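Listed below, chain by chain, are the residues.
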Amino acid sequence: MHFDAFDRYHDKESFLHRLDPRVKVVVTIVFILSNALLPDGAWLAFLTAWLFLLLANHLSKLGLGYSLKRSIIALPFALIAITVLFSIPGNPLTTLRFITWDFTITDAGLLRFVSILIRSWLSVQMAILLVAVTRFPDIIHALEHLRVPAVLTTIIAFLYRYLFVLTDEVFRLLRARESRSAAAIGTRSGGGVFWRAKVAGNMAGQLFLRSYERSDRIYNAMIARGYAGHLYTLNPHEMKSRDYYVTAFAVLIIFLMQVIGRF
Amino acid sequence: MYYSPTPLHIPDGFLSLIVSVICWVITVAILGVAVSKTNKALGEKQIPLMGVMAAFIFAAQMINFPVAGGTSGHMLGGALAAIVLGPWAGMLVMTAVVAVQALLFQDGGLLVMGANILNMGLVTAAIGYGLYRSVSGSSKGVKLGVIGVAAWLSVMAGALLTSLQLWLSGTSQLDIVIPAMLGVHALIGLGEALITVFAVAFIMQTRPDLLGEGSESAKGSRSWVFVGAIISLLVVLLSPLASADPDGLERVATDMGFINAGQSAPYEIIPDYTLPFLGETALSTIFAGVVGVVVVGIIILLVGRGMKAHS
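Here the structure is a predicted model, which is why all the values come from computation and not from measurement.

Caption draft 1: Quick look at the overall build of chain A. Tallying secondary structure elements over chain A gives 10 helices and two strands in all. Order of helices (α) and strands (β) in chain A, N terminus to C terminus: α-α-α-α-α-β-β-α-α-α-α-α. In terms of overall size, chain A is more extended than a compact globule, its C-alpha atoms giving a radius of gyration of 24 Å where 263 residues would be expected to give roughly 18 Å. A buried classification covers 40% of the 263 residues belonging to chain A. A sequence separation of at least 24 residues applies to 73% of the contacts in chain A between residues at least 6 apart.

Right, here's the structure in full:
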C-alpha cells in the first residue's frame, strides 16, 4: 500500500492551498461553531453559509461541487434525528400511516429536522475541504501552534505515519485467514460464531504484538538518527499579512451570518 | 474507507452548542491530567510506542468476523488499549484515534469531537482498566471473564452517553434513542467482548511480560478500581431506568436546567409520548424500543454497505 493511501489531500496550486494551515483550521472551526449557533430555520443565514462554502470550493480550484460529492458520509446518521419529526408539538402537516399507527409530522418538527440536517451537511463539507487543501502533517503542526499538547500531536503524527503500514499488516492477516478458509459451495468454512470470534481475537492479539515489536525497531531507528524526545519540522509556517486579511474577512462573513440568522 | 464506522461517531450539527462545550470541558480536563501523568511517568521511548499503538487500534478496528446475515463483529478497542497500555496512555491513544477519524475521514465532527472522545475513548478506557485492575491478583480465567464484561460494558457506556447527549441536544427522543442505541450496542458489545478477551488471552500466552508485574499495564493506581466500578454501576443502573422511566430522567434534566438550555427554538419533549395505538403501557415502550433498534440497525447496514462500496 502506498503511504498516502489514506490521504485526502489534493495537490494543487491554489489560493487556499497556500494559506497558513492555522488560518484554515481556525476558520473551519469558527464556521462549524457558527452553524451550531444559528437558530432553527435561519434559511437566509444557511444560504449565506452555503455561498461561503461555494466560494471556498472555488478558491481551492477543486471545482464547485467538490465538497458536495463527498458529504454524503454524514447522511445515515440523520435517521437518529428522525423522531423530532413527530415529537415536537406544532401544526400537523401530514400523517403517515404505518400499519395501524399514525405518525403525524408537525411543522415545528419538520423545521427542526431540516435545520439539523443542514447544519450537519454544511459543517461536514467544510471539514472535507480542510483536509483536501491542507497536508495532514501541516494540520498537526497547526494544532501544535494552537496549544494542543505535544504528546497528543506527536501520537497523532505517528498514527498518521504508521497507519498504512499496520493496515498492510491487517490485510496480510485477513488474506491469510481467507486463504485458509476454503469451503465447498453453499457451505461455510470453519466453526460457529464463537470460533470465528476467537480467530478474529487472535488476529488482533497477533497484530498487537507485531505493532509492539515494530515500535521497538522504530524507536531504535529514531535513536540512531538523533531523536531526543522532540520532532522537528523544516517548515516554519509563518503567518503572512495575507493570512491575517483572510482570517479577518472569513470571521467578518461568519459574523454577518449570525446577524442575518438572528434578524 | 477500509474501516466500518459505528453510530457512536456523532457528526457536527447533531449536538447543541451547550452540550458540545460541556463535553469538551470534561474531555479537556481529563486529557489534561492524562498528559501530565504520561509526561511524568513515561520516558521518550513511550511516545513512539503510543503512536504505533494508536495506529494499531485504528488497524485492529478493521479486523472483523462474520456474524450472520451479512453483518460482522469488530471492535472499538478502548478497553483493550487501556488494559495493555495502562489507563492514561490508553486514553491518549484512543483520543488520537478519534481525532484522526474526525480530521482525516470526517467520521465524527470537530465541534462535537469532545463528546466523541469522551464516549469512545475516555469512558471505555476507564471502565476497561478499572474492572481489569480489580482482579489483578486473580487467575487467568477470572481475568479474562472480567475483561469480557468490561469490554461489553465499555461499549454500553459509550452508547448510553451518546444517547443522553443526543437527547439533551433535542436531536432524539429519550424513549426511542435509549432502547435503540442500547439494544444495538448490546450486540455490538458482544463482538467487542469476544475479540478483546481472545486478543488479551493471546498476548498473555505469547508475551506474558507485557501484562505481568512491572509492565505499564500493572502500574495503574488502585483507585481506577473505584472509577471503573462507579461508571459501570451508573451504566447498569441508569440504562434500565432510562428505558423504563424516561419521564423521571427528563424531570431531573429539566430541574437542572439542561433541557431547553441551548436550544434556540421553543422546543419541548412531550413527557408522556407513547404510541397512540398501544396506549401508555410498558408494551408501548418496548415497541418504541424495537422500532428504534430497527432504525439504528438500518443505519449500521447503510453505513456498512456504503463503506464496502468505497473500498
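Caption draft 2: Geometry of the overall build of chain B. Summing up its helical and strand segments, chain B has 11 helices and two strands in all. Element order for chain B, N to C, with α for helix and β for strand: α-α-β-β-α-α-α-α-α-α-α-α-α. By the burial criterion, 56% of the 311 residues in chain B qualify as buried.

Caption draft 3: A look at unusual backbone geometry. With phi around 75°, Arg 147 of chain A is a residue other than glycine that occupies positive phi space. Within the fold, Arg 147 of chain A resides in the loop between α7 (136-145) and α8 (150-179). Among the residues examined, Arg 147 of chain A registers 7 C-beta atoms within 10 Å and is labelled exposed. With phi around 55°, Gln 106 of chain B is a residue other than glycine that occupies positive phi space. Relative to the helices and strands, Gln 106 of chain B is located in the loop between α4 (87-105) and α5 (113-134).

Caption draft 4: Local environment of the domain arrangement of chain A. Segmentation of chain A into domains returns domain 1 (15-135 + 237-262) and domain 2 (149-224). Between domain 1 of chain A and domain 2 of chain A, the C-alpha centre-to-centre distance is 36 Å.

Caption draft 5: Broad picture of the confidence of the model for chain B. All names here are of chain B. In the predicted model, chain B carries a mean pLDDT of 79, and the fraction of residues at 70 or more is 74%. Mean pLDDT across the elements of chain B ranges from a minimum in helix α11 (residues 282-310), with 55, to a maximum in α5, with 94. Confidence drops under pLDDT 50 across residues 260-282; counting only partners more than four residues distant or on other chains, this segment forms 45 contacts. Of the two predicted TM-score estimates for the complex, the pTM is 0.85 and the ipTM is 0.89.

Caption draft 6: Examining the packing of α7 of chain A against α8 of chain A more closely. Residues and elements named next belong to chain A. Closest axis-to-axis distance for the α7/α8 pair is 9 Å, and the angle between their directions is 175°. Our classification of the angle between α7 and α8 gives roughly antiparallel. Note on element contacts: α8 touches α7 through Ala 150, Thr 153, Ile 156, Ala 157 and Tyr 160, opposite Phe 136, Pro 137, Ile 140, Leu 143 and Glu 144. Partitioning the contact of α7 with α8 into residue classes produces eight nonpolar, one polar and one charged.

Caption draft 7: Fine view of the nonpolar core. Ile 155 and Leu 159 of chain A together with Ala 54, Ala 55, Leu 92, Val 93 and Ala 96 of chain B are the most contacted members of the largest nonpolar core, which totals 168 residues. For this core, the leading source of residues is helix α7 (residues 174-206) of chain B, giving 18 residues. A domain-level breakdown of this core finds at least three residues from each of domain 1 (15-135 + 237-262) and domain 2 (149-224) of chain A. Residues in contact with Ala 54 of chain B, not counting those within four places in the same chain, are Ile 155, Phe 158 and Leu 159 of chain A together with Val 93, Ala 96 and Val 97 of chain B.

Caption draft 8: Highlighting the interface of chain A and chain B. On the chain B side, the residues contacting the 75 residues of chain A number 79 residues. Secondary structure elements with two or more residues in the side of chain A that touches chain B: α2 (21-37), α5 (84-87), β2 (101-106), α6 (107-133), α7, α8 and α9 (193-224) of chain A. At 21 residues, the largest contribution of residues to the side of chain A that touches chain B is made by α9 of chain A. The residue inventory of the side of chain A that touches chain B, partitioned by class, reads 50 nonpolar, 16 polar and nine charged.

Caption draft 9: Expanded view of the environment of Pro 76 of chain A. Turning to its location among the elements, Pro 76 of chain A is positioned in the loop between α4 (66-70) and α5. When the C-alpha atoms of Pro 76 of chain A and Thr 247 of chain A are compared, they prove to be 33 Å apart, with 171 residues separating the residues in sequence.

Caption draft 10: Structural detail: α2 of chain A. With 17 residues, α2 of chain A should cover 24 Å at 1.5 Å per step; its first-to-last C-alpha distance of 24 Å lies within 8% of that length. Most of α2 of chain A is tucked away: 12 of the 17 residues are buried. Residues Pro 21, Arg 22, Val 23, Lys 24, Val 25, Val 27, Thr 28, Phe 31, Ile 32, Ser 34, Asn 35 and Ala 36 of chain A constitute the buried set of α2 of chain A. In this fold, the buried residues of α2 of chain A make contact with α3 (43-59), α6, α7 and α10 (241-262) of chain A together with α1 (17-41) of chain B.

Each value, and the rule that gives it
Residues numbered from 1 in each chain as written. Chains lettered and ligands numbered in written order. Predicted model: local features only at pLDDT ≥ 70, side-chain atom pairs only at ≥ 80, totals over all residues. Helix = DSSP H or I, 4+ residues; strand = E, 2+ residues; numbered from the N terminus. Rg over C-alpha atoms; globule rule 2.2 N^0.38 Å. Buried ≥ 20, exposed ≤ 12 C-beta atoms within 10 Å, placed from the backbone. Contact = placed C-beta atoms within 7 Å. Domains from an automatic or database assignment. pLDDT = per-residue confidence, 0-100. Axes fitted to C-alpha atoms, helices over the stretch in contact; angles between N-to-C directions. Parallel < 35°, antiparallel > 145°, perpendicular 65-115°, else oblique. Nonpolar A, V, L, I, M, F, W, Y, C, P; charged D, E, K, R; others polar. Core = buried A, V, L, I, M, F, W, Y, C linked by C-beta atoms within 7 Å. Expected span 1.5 Å × (residues − 1).

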